[in-house]
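Below, each chain spelled out in residue letters.
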Amino acid sequence: MSDIKFRQIAETIEARINTGVYPANTKLPPHRVLADELETTPTTVSKAYKLLAEKNKVESFIGRGTFVCGDSELETVIQAPEDDADYNFSILQPCLKHNVLPLQAAFQKTYATLPSELLGYIEHSGHLAHRQAGMKWAAEFGLSVSDPEQILLASGAQNALEILIQTYTKPGDCIAVEAFTYPGMLSIANLLGRRIVEVPMDDKGMCPIALKQTILSDKPKVVVIVPSHQNPTGVTMPKARREAIAKVIRAGDIWLLEDDIYGFLNETIIPAISNYIPEKSFHITSLSKAISPALRCAFIKAPKSEVRRVGACIRTSIWLASPLNFAVATQLINSGEAFAMANKQKQLATQRQTFATKQFGFLVCSSQPTSYHVWIQLPEHWRQEHFVMEAKNQQLLVSSGGYFSQQSDKSNHIRLSLMAIDDEQRFQQGIVLLADLIKGGQGSHFLF
Ligand SMILES: Cc1ncc(COP(=O)(O)O)c(C=O)c1O
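- Per an unreviewed UniProt entry, the chain carries the name PLP-dependent aminotransferase family protein and comes from Moritella marina ATCC 15381.
- The Sequence similarities (unreviewed entry) comment attached to the chain in UniProt states, word for word, "In the C-terminal section; belongs to the class-I pyridoxal-phosphate-dependent aminotransferase family."

Below, the structure written as structure tokens:
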């Protein structure tokens, strides 16, 4: 392949971008399609796309293709594999094959005796039995809660976060988050026009002194913290750090949104930060990570004073989260099956962490022994975006560290989800391939 050819192809694509043939934020044609049209090979097109990516003309997203740059949206991080041959280390979800049968049984049992009241509108934000089940779920993993009226139902933790940000901040307000954070939170801030301030963390999570300073300097209205198996760094806040953070929040004019979606993975029960400041915190849990993201079942514990206000916002946005799914969730929680499923996933995560951390022993990695994911610092010879593209060429889908901060070049990391691949052998194969790729030099692996 000559150098001239791919540069000519890149010029053709760039001209099409500049003249609006390919508008901002639209997806470029797949490599094969463009190669046929321009009478070249997919490899040459791939090389041209890479050149354009270096010029910030286009961006590639794992599993979704290449897009013309414009207002890049952070939600593109959540990638679905397009090809059965892809190794999906990108999506943070449970190993679904273990959950199919118990879910089928719960759906059958619940729907066999469906009462008509579950099919209608109801006045409050969720049926009492479903709120009680939410209380049981959250209490099992460290939340102090005794009044089901304080539990509100949402369609997944993402919906819960969005509702709380809508309710407790205005456009232009500032939201404090961890130095690296869940990209869905960054998307909410972008969509709603809220400013983000990233608070430094260490190996125990967000630093209390830094939060105190941020409260003084930026006056955020809320602080969002993922205290367990933080996404993406894998850090779990120990009890003492939770107490210290609670102390800072108690003294400040700020609400806490405690997103404890991975709390069920903790090796021992750690009290929620919200336990120390129940009057100033919203605690969020969800069944997406232990059971299935398709259930869209999340629970918010609100301060007593705020239940009506949050309930009103839920009604305004979605009226109510589907009682049908919450009926299934309630069946699973009350029968104990939900906890058994969570435990099984935790055991599998432990096995997979052991395998992965052994393979990545030569690297600086951050995770807990029971985490679903691992945050890997790439060696000097790799840059995160290039690595992600190169891994994709080998059908290894990973997430670039750049997705987890507003400053995409703040890190040189990748985040690997260890649970999305169903088959153990395939999982291990993928990890070995990734370890080899990381060890190898950029030059030796570049296919562009
Ligand atoms: C920290 C965190 N919060 C919220 C979510 C969204 O969860 P749900 O599927 O319940 O909306 C995720 C999903 O990856 C997450 O990692």
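## Notes on the overall build of the chain
Point 1. The helix and strand inventory of the chain stands at 15 helices and 17 strands.
Point 2. For 448 residues, the compact-globule estimate of 2.2 N^0.38 gives 22 Å, and the chain sits close to it at 23 Å.
Point 3. Per-residue burial over the chain gives 57% buried out of 448 residues.
Point 4. For the chain, the share of sequence-separated contacts (at least 6 apart) that also reach a separation of at least 24 residues comes to 73%.
Point 5. Accessible surface computed for the chain: about 18,900 Å², of which carbon and sulfur atoms make up 53%.
Point 6. Here the chain contributes 44 positive and 44 negative side-chain charges, whose respective centroids are spaced 4 Å apart.

## Comments concerning the packing of helix 13 (residues 384-393) against helix 14 (residues 424-439)
Point 1. Taken N-terminus to C-terminus, the directions of helix 13 and helix 14 make an angle of 135°; their axes are 11 Å apart at the nearest point. One element, helix 13, and the other, helix 14, form an angle in the oblique class. Two packed elements cross with a definite hand, and for helix 13 against helix 14 that hand is right-handed. Taking contact as the criterion, the partners of Phe387, Glu390 and Ala391 in helix 13 are, on helix 14, Leu434, Leu437 and Ile438.

## Considering the site of the ligand
Point 1. Neighbouring residues of the ligand: 13 residues in total, closest Ala157, Asp259, Tyr262, Ser288 and Lys289.
Point 2. For the ligand, a nitrogen atom lies 2.5 Å from a polar atom in the side chain of Asp259.
Point 3. The separation between an oxygen atom of the ligand and a polar side-chain atom of Arg296 is 2.8 Å.
Point 4. Protein contact buries 93% of the 400 Å² of open area that the ligand shows by itself.

## Quick word on the nonpolar core
Across soluble globular proteins, you tend to see nonpolar side chains buried next to one another.
Point 1. Residues Trp137, Ile175, Leu287, Ile291 and Val310 are the most contacted members of the largest nonpolar core, which totals 68 residues.
Point 2. The biggest single contributor to this core is helix 6 (residues 157-168), with seven residues.
Point 3. Setting aside residues up to four positions removed in sequence, Ile291 forms contacts with Pro94, Leu96, Asn99, Leu103, Leu332, Ala338 and Met341.
Point 4. Counting residues in hydrophobic clusters, the runner-up holds 24 residues, among them Ala356, Val374, Val398 and Leu416.

## Re the confidence of the model for the chain
Interpretation of this model should avoid reading the predicted coordinates in detail wherever pLDDT is low.
Point 1. With 94% of its residues at a pLDDT of at least 70, the chain reaches an overall mean of 91.
Point 2. Here residues 71-76 is a poorly scored stretch, pLDDT under 50, and it has twelve contacts once near neighbours within four places are set aside; other chains count.
Point 3. Counting interchain partners and residues more than four positions distant, the pLDDT-below-50 stretch residues 443-448 has 19 contacts.

## Side note on helix 14
Point 1. Between its first and last C-alpha atoms helix 14 spans 23 Å; for 16 residues at 1.5 Å apiece the expected length is 22 Å, and the two agree.
Point 2. Where helix 14 is concerned, the buried positions are Phe427, Gly430, Ile431, Leu434, Ala435, Leu437 and Ile438. The buried residues of helix 14 occupy one face: seen down the axis, they fall within an arc of 160°. Relative to its buried face, helix 14 has exposed residues pointing more than 90 degrees away, namely Gln425 and Lys439.

Parameters and conventions
- Residues numbered from 1 in each chain as written.
- Predicted model: local features only at pLDDT ≥ 70, side-chain atom pairs only at ≥ 80, totals over all residues.
- Heavy atoms only, no water.
- UniProt positions renumbered as here; feature names shortened; annotations may be inferred.
- Helix = DSSP H or I, 4+ residues; strand = E, 2+ residues; numbered from the N terminus.
- Rg over C-alpha atoms; globule rule 2.2 N^0.38 Å.
- Buried < 20%, exposed > 50% of the residue type's maximum accessible area, 1.4 Å probe, protein only.
- Contact = heavy atoms within 4.5 Å.
- Areas by Shrake-Rupley, 256 points an atom, 1.4 Å probe, with all protein chains shown as cover.
- Lys, Arg positive; Asp, Glu negative; His and termini not counted.
- Charge placed at Lys NZ, Arg CZ, Asp CG, Glu CD.
- Axes fitted to C-alpha atoms, helices over the stretch in contact; angles between N-to-C directions.
- Parallel < 35°, antiparallel > 145°, perpendicular 65-115°, else oblique.
- Left-handed = near helix turned anticlockwise from the far one by under 90°.
- Near = heavy atom within 4 Å.
- Polar contact = N/O pair within 3.5 Å; in protein donor to acceptor, adjacent residues only side chain to side chain.
- Core = buried A, V, L, I, M, F, W, Y, C linked by side-chain atoms within 4.5 Å.
- pLDDT = per-residue confidence, 0-100.
- Expected span 1.5 Å × (residues − 1).
- Arc of directions from axis to C-beta.

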